[in-house]
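Notes for the structure review
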Amino acid sequence: MLKTISLILLLLMISTEGVAGIEPYTLIAPQNEEVAHLINQEGESVHNWNLTGITATSSYLLPDGQLMRTVKVQTDESFGGGGAGGRVERLDWDGNVVWEFELATGRHRLHHDIAVLPNGNVLVLSWERLTPEETLALGRAPDTLPQQDLWTETIFELKPLGKTDSEVVWQWRLADHTVQDIDTSISNFGVIADHPERVDINYNKNGRVRSDWVHANAINYSEKLDQIIISAHAFNEIWVIDHSTTTQQAATRSGGHSGKGGDLLYRWGNPLTYQRGEVSDQKLFNQHDVEWIPELFPGAGRILLFNNGIGRPGGNFSTVNEIITPIDADGHYLLDPSGRYGPEETSPVYQAEIPETFLALNISGAQRLRNGNTLITNGPVGQVFEVTPDSEVIWEYDSGETVEFNRRVFRADRHYLSALPPTGMVIDQSISGNWFDPNRSGEGYIIQVLGDGRVVLVWFTFPPNPTETDLQAWMMGVGYFEGDHIVVENMQSLKGTVFGSGFNMHDLITKDWGRIEMVFVNCNVGGTQYSGPPEFGNGFLPMQRLTVIHGHICLSPGAEGEESSDSIDPTLASEAASGAFFQPTRSGEGWLMEYLGGGRVAVQWFTYNPDGTAARLSGLGRINGTRVIVEQLLYVTGTEFGSNFDLADVVIQDWGSMTFEFFDCDNGRIVYFSRIGGWESGLVEVTRLTSIRGASCDWPPAEAEFDDDQTGVTRVLSPL
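Reading guide: rules and limits
Throughout, a residue's number is its position along its own chain's written sequence, starting from 1. Per-residue local features of the predicted model are confined to residues with pLDDT of at least 70, and side-chain atom pairs are confined, for both listing and counting, to 80 or more; whole-chain, interface and lining totals are unaffected and use all residues. In computing side-chain properties, one takes all heavy atoms of the structure into account and sets aside hydrogens as well as water. Numbering of helices and strands runs from the N terminus; a helix is a DSSP stretch of H or I covering at least four residues, while a strand is a stretch of E covering at least two. The globule rule used for comparison is 2.2 Å times the number of residues to the exponent 0.38, while the radius of gyration itself is calculated over C-alpha atoms. Note on classification: 1.4 Å probe, protein chains only; a residue is buried when its accessible area is under 20% of the maximum for its type, exposed when over 50%, partly exposed between these limits. Any pair of residues with heavy atoms lying within 4.5 Å of one another is described as a contacting pair. Within 6.5 Å between ring centres, the rings of Phe, Tyr and Trp (the latter by its six-membered ring) count as paired, and their orientation is classed by plane angle as stacked under 30 degrees, edge-to-face over 60, tilted in between. Either the NZ atom of lysine or the CZ atom of arginine qualifies as a charge over a ring when it sits within 6 Å of the ring centre and within 35 degrees of the ring normal. For two strands to be treated as a pair, DSSP must find no fewer than two bridges joining them. Where helices are involved, their axes are fitted lines through C-alpha atoms of the stretch in contact, as for all axes, and angles between N-to-C directions lie from 0 to 180°. Pairing of N or O atoms within 3.5 Å defines a polar contact, subject to two protein rules: one partner must be a possible hydrogen donor and the other a possible acceptor, and residues neighboring in sequence count only if both atoms are side-chain atoms. For every residue, the pLDDT score states the predictor's confidence, bounded by 0 at the bottom and 100 at the top. Throughout, nonpolar core names a set of buried Ala, Val, Leu, Ile, Met, Phe, Trp, Tyr and Cys residues whose side chains join them through atoms within 4.5 Å. By salt bridge we mean one thing: a side-chain nitrogen of Lys or Arg within 4 Å of a carboxyl oxygen of Asp or Glu.

1. Thoughts on the overall build of the protein chain
On a plain count of helices and strands, the protein chain comes out with six helices and 42 strands. Its C-alpha atoms give the protein chain a radius of gyration of 28 Å, within 12% of the compact-globule value 27 Å for 720 residues. Taken over the C-alpha atoms alone, the protein chain extends approximately 90 × 55 × 45 Å along its principal axes. Considering the protein chain as a whole, with its 720 residues, one finds that 59% of them fall into the buried category. If you take every contact in the protein chain between residues at least 6 apart in sequence, the share linking residues at least 24 apart comes to 56%.

Structure (structure tokens):
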């Protein structure tokens, strides 16, 4: 571990010049064209991908600046209809194919949409063609057999292994989750209304018999829920299924977090499909595009969809709608008193003032932006526009007027980038750790990337105008990460209560401090753009990595280092000892810890001094069984924020010591002793507040012995 930290410190000479602000760019990939455009807010094309093969439907810009798209292939043995694809491919910034997967046979064909998972795997929609014999075996009425066989749906999860190699690591088949009330001899026989979790094999939209029975046209994934949502166009519904199952469980009615296997967890839009509603209860009409609003976005966890509105009672017009799903405390979707899935009504995110003036006959989509606005695509005419929550159009782009290509755009996709071309840096949990500017040692940042897409950021520094009692400052906030940057919109500063037995969280005064953007050149170098209150002002500070959490070393463009390791020391170690802890009755105070390997733990205690202003204590601890022992906590003061910061003025005091004893992975007790007058010694029981993304913990821990030599790490951490 010491070798790793030394290596990282050597890398800190990489320049941070060229780190720019974060700008919005929109991907426009017209259907049936061999080109994709990235446009800026002025509607100018700032980058083009010249493609081989026409785009079938969806295309997405990935956080590292690569392009993931669907491709329409032509084969003699395949079949197809609207949305037919057959291949998915990933291209680098220069248009080189770095990965591709093709499935276009007589049995399966990829179509419409894809979803890239946080682990890099890809979910793909595929038609599965069933023969008449297979269809009848599911209980389909003989007089409703389509002429070209029945196309049902399969979802594959692909793990890229090389440029042309993939492993199917998970799959779900709709054919395993049907119900019918015609043939009692078939195992899926049942009363349709009694089984909203299954799909009626004999449902036909408006009585129309068609081969493309479901015509799923969108797929999206929620990391927080570990669930998949699809748009079942021909059913005028959206469906949610459990992704936490194994492939074997996904073929059954049990297993996974839900305990329901691959059955539908939720469906909405047309209760006629499960015979629990009337025509008047239908809410969706030929919808396209559905997605969960991501964490930390306004409306997070709600469902956003584009309702094309064809066949809507009272006239055809399109809307964008947001759905609040009815979920109980255990995460189960609830039926309303009438036995249908709610909600009964939704308020449109966007509806034209004269509704009939906005109509998209097909394709189209909507994307929630981080500022709370919504990006809307009117696909058939290639119109893309941004609306506020009040439906005010504040940005508009017409592909037919701006560039010369086919106007049809399945769905536009907006991202925020700090540089063109992108650096290739993609933030994950390995960015977690301590960061600082060596010229401003004593000031720094703690970053923790959590498992739900959020980032916890603490900035510890000094007041702009120190006084005898106001000697330290720290601000904290929760933000998001995307590509090479982290954004925290609302940093908070706290003061008002006092250290020790006099702590009263009701005395805390919390203030909005301001905004922070962090941009990373690679795993070890970046910069911070801040905008705070007048006394702090605005500015930019370079930053470099100081610590690496064990098992989370990362490699990125422009950085050198050791391979990332999945190994874990045989002890309480990395997973239990990394994260944030607090006492619920003392909310506003916390302990942030990082396991560095070799039995060593970096500890930061954010609290308040006896006079009620912000205080921070830091130290390096050692694991002894289920305890983290910190023999020396440091109290750093002496200088001030901003241009008046002077490293020569920094004063490091020996505050005292603390021992953190774990009861289990998430709970423990802290005993602390102060060696500075005016501060108390005491004991507090704490519980876990955060875990590093991807962490796990087994209890009780195994026994382990560690080298007592701490010199190298102490030298690195002591300025903090």
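2. Description of the packing of aromatic side chains
Summed over all chains, the structure comprises 41 aromatic pairs. Summarising the aromatic geometry, the rings of F79 and W151 are spaced 4.9 Å apart at their centres and angled 55° between planes, so their arrangement reads as tilted. Here F79, found in the loop between strand 5 (67–72) and strand 6 (86–91), pairs with W151, found in strand 10 (residues 150–160); they are 72 residues apart in sequence, far enough to count as distant. The pair formed by F79 and W151 is uniform in burial state, with each residue classed as buried. Aromatic pair Y203 and F235: ring centres 4.7 Å apart, planes at 40°, arrangement tilted. One end of the pair, Y203, is in the loop between strand 13 (199–200) and strand 14 (216–222); the other, F235, is in the loop between strand 15 (227–232) and strand 16 (237–242), with 32 residues separating them in the sequence. Exposure remark for F235: the relative accessible area of 0% places this residue in the buried category. Pairwise contacts between aromatic rings join F499, W591, W605, Y635, W655, Y672 and W679 into one cluster. One Lys or Arg, R312, reaches over the ring of F317 and ends 4.2 Å from the middle of that ring. Sitting over the ring of Y480, R370 keeps its end group 3.4 Å from the ring centre.

3. Some points on the sheet that holds strand 19 (residues 303–307)
Sheet architecture is open: four strands sit in the order 18-19-20-21, paired in antiparallel fashion. With one partner strand each, in any of the chains shown, strand 18 (288–292) and strand 21 (348–350) form the two edges of the open sheet. Sheet twist, expressed as the average angle between the axes of neighbouring strands with direction ignored, equals 25°. The pairing of strand 20 (residues 319–323) with strand 21 spans two bridges and is antiparallel. Counterpart to V320 in the pairing with strand 21 is Y350.

4. Let's talk about the sheet that holds strand 22 (residues 365–368)
Read across the sheet, four strands follow the order 22-23-24-25 without closing on themselves; strand pairing throughout is antiparallel. Among the strands making up the open sheet, the edge pair consists of strand 22 and strand 25 (393–398). Within this sheet the neighbouring strands show an average axis-to-axis angle of 15°, counted without direction.

5. Looking at the side chain of E128
Secondary-structure assignment places E128 in strand 9 (residues 122–130). Here E128 falls in the buried class, since its relative accessible area comes to 3%. A polar contact of 3.3 Å, which involves the side chain of E128, links it to the side chain of R107. Residues in contact with E128, not counting those within four places in the same chain, are R107, H108, L150, W151, T152, T154 and R173.

6. Re the confidence of the model for the protein chain
Looking at the protein chain as a whole, the pLDDT averages 89, with 90% of positions reaching at least 70. Below a pLDDT of 50 lies the segment residues 704–720, which in the model reaches 47 contacts outside its immediate sequence neighbourhood of four places, other chains included.

7. Describing the environment of D484
Note on placement: D484 falls in the loop between strand 30 (473–482) and strand 31 (485–495). Linking D484 and P422, residues 62 residues apart in sequence, is a C-alpha distance of 8.2 Å. Residue contacts for D484: discarding those within four places in its chain leaves S418, T423, M425, I427, M518, V519 and F520. A polar atom in the side chain of D484 sits 2.5 Å from the side chain of S418. Only 3.2 Å separates the side chain of D484 from the side chain of H485, close enough to count as a polar contact.

8. Side note on the pairing of strand 29 (residues 454–461)
Burial analysis of strand 29 places seven of its eight residues in the buried class, the great majority of the element. With six bridges joining them, strand 28 (residues 444–449) and strand 29 adopt antiparallel strand pairing. From the neighbouring strand, G444 faces strand 29, where its bridge partner is F460. Here strand 28 hands over to strand 29 after four residues, with G453 in that stretch at a positive phi of 90°.

9. Some remarks on the side chain of R440
Inspection of the secondary structure puts R440 in the loop between strand 27 (433–436) and strand 28. The residues contacting R440, other than those within four sequence positions of it, are L541, F641, G642 and F645.

10. Quick notes on the nonpolar core
Within the largest apolar cluster, 28 residues are counted, with the highest numbers of intra-cluster contacts made by I155, I228 and W239. Where this core is concerned, the elements lending two or more residues are strand 9, strand 10, strand 11 (166–173), strand 14, strand 15 and strand 16. Discounting residues that sit within four places of it in the chain, I155 has contacts with L123, V124, L125, W170, Q171, W172, I219, I228, I230 and I241. Core analysis: the next-biggest nonpolar cluster, separate from the first, contains 27 residues, V601, V628, W655 and M658 among them.

11. Let's talk about unusual backbone geometry
In the segment running from G342 into P343, the intervening peptide bond is cis, with an omega of 10°. Inspection of the secondary structure assignment puts P343 in the loop between strand 20 and strand 21. Here the bond from L420 into P421 is cis, since omega is -5°, no more than 30 degrees from zero. Residue position: P421 is located in the loop between strand 26 (413–417) and strand 27. Even without glycine at this site, D289 takes up a positive phi of about 70°.

12. Considering the environment of V214
For V214, the position within the fold is in the loop between strand 13 and strand 14. A C-alpha to C-alpha distance of 66 Å links V214 and L647, two positions 433 residues apart in sequence. Aside from chain neighbours lying at most four places away, what touches V214 is W151, E153, L174, A232, H233, A234, F235 and W239.

13. Quick notes on the environment of V46
Tracing the backbone through its elements, the reader meets V46 in strand 3 (residues 45–50). Distance from V46 to V628, taken between C-alpha atoms, is 52 Å for residues 582 residues apart in sequence. The contact partners of V46, leaving out residues within four places of it in the chain, are Y25, L38, I39, N40 and L420.

14. Some details on the pattern of salt bridges
Enumeration according to the criterion identifies 35 salt bridges in this entry. With a shortest N-O distance of 3.4 Å, R87 and E102 are connected by a salt bridge. Of this pair, R87 sits in strand 6 while E102 sits in strand 7 (residues 97–102), placing them 15 residues apart in sequence. With relative accessibility at 16%, the residue R87 sits in the buried group. Judged by its relative accessible area of 44%, E102 is partly exposed. For R440, the salt bridge is made with E443, and the minimal N-O distance between the two is 2.6 Å. The pair R440 / E443 is uniform in exposure class, with both members buried. What emerges from the salt-bridge pattern is a single network uniting R69, R87, E89, E100 and E102.

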